Amino acid sequence: MLSKQDKIDFVKKLAAELKQAKVIAVASNAFLPAKQFNKVKKNSRGKVKVAFARHSLLKRALEQGKPEAKELEPFFGNGTVLLLSDLPAFKLFALLKKTRS
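Small disclaimer: the values here were computed from a predicted structure and weren't measured. (Residues numbered from 1 in each chain as written. Predicted model: local features only at pLDDT ≥ 70, side-chain atom pairs only at ≥ 80, totals over all residues. Heavy atoms only, no water.)

*Asks:* Pulling in residues and values, what's your account of the overall build of the protein?
*Replies:* Secondary structure summary: the protein contains four helices and three strands in total. Once the C-alpha set of the protein is aligned to its principal axes, its extents read approximately 35 × 30 × 25 Å. Relative to its full complement of 101 residues, the protein shows a buried share of 35%. A separation threshold of at least 6 residues defines the contact pool for the protein, and within that pool the share at least 24 residues apart is 82%. A distance of 10 Å separates the average location of the 22 positive side-chain charges in the protein from that of its 8 negative side-chain charges. (Helix = DSSP H or I, 4+ residues; strand = E, 2+ residues; numbered from the N terminus. Buried < 20%, exposed > 50% of the residue type's maximum accessible area, 1.4 Å probe, protein only. Contact = heavy atoms within 4.5 Å. Lys, Arg positive; Asp, Glu negative; His and termini not counted. Charge placed at Lys NZ, Arg CZ, Asp CG, Glu CD.)

*Asks:* Residue-level account of helix 4 (residues 89-99), with values.
*Replies:* Think of an α-helix as turning once every 3.6 residues; residues three or four places apart then point the same way. When helix 4 is considered as a whole, its buried residues turn out to be L92, L95 and T99. Angularly, the buried residues of helix 4 cover 60 degrees about the axis, an arc narrow enough to put them on a single face. Those residues of helix 4 that are exposed and angled more than 90 degrees off the buried face are F90, F93 and K98. Residues of helix 4 that are buried sit in contact with strand 1 (23-28), helix 2 (34-43), strand 2 (48-52) and strand 3 (80-85). (Arc of directions from axis to C-beta.)

*Asks:* So, the pattern of salt bridges: which residues are in play, and what are the values?
*Replies:* Enumeration according to the criterion identifies three salt bridges in this entry. K49 serves as the salt-bridge partner of E17, at 3.8 Å between the closest nitrogen and oxygen. Pair noted here: E17 is in helix 1 (residues 4-20) and K49 is in strand 2, with a separation of 32 residues, a long-range link. Overall, E17 belongs to the partly exposed group, its relative accessible area being 23%. We note a salt bridge from E63 to K70, for which the minimum N-O separation is 3.0 Å. Three or more residues are tied together by salt bridges with common partners; here these are E63, K70 and E73. (Salt bridge = Lys/Arg side-chain N within 4 Å of Asp/Glu carboxyl O.)

*Asks:* Any details on the sheet that holds strand 1? Residues and values, ideally.
*Replies:* Read across the sheet, three strands follow the order 1-3-2 without closing on themselves; strand pairing throughout is antiparallel. Looking at strand neighbours, the two that pair on one side only are strand 1 and strand 2, the edges of this open sheet. Strand-to-strand twist in this sheet, taken as the mean axis angle between neighbours without regard to direction, amounts to 25 degrees. With five bridges joining them, strand 2 and strand 3 adopt antiparallel strand pairing. (Pairing = 2+ DSSP bridges. Axes fitted to C-alpha atoms, helices over the stretch in contact; angles between N-to-C directions.)

Listed below in structure tokens is the structure:
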């Protein structure tokens, strides 16, 4: 359980990372086993930052970090994660597709 201050700090940190990221993607890990999710995170380490939190915290970070990315909010569903990367969008997709089973 995060305290109120922890949540505020998380949103500030994520907002700063969103400002620097060239590509922001929305993904879901709702039906992805933990082992598979960890494999995706391991294979993308150093190339992709995976931000996992409650929808309200992710939305606040988007509003503060990249207001123009607010159009991503309708894609939030169960188990939403934000993927932040400097890779081109197609390379990011290829990286994720390569690691899925």
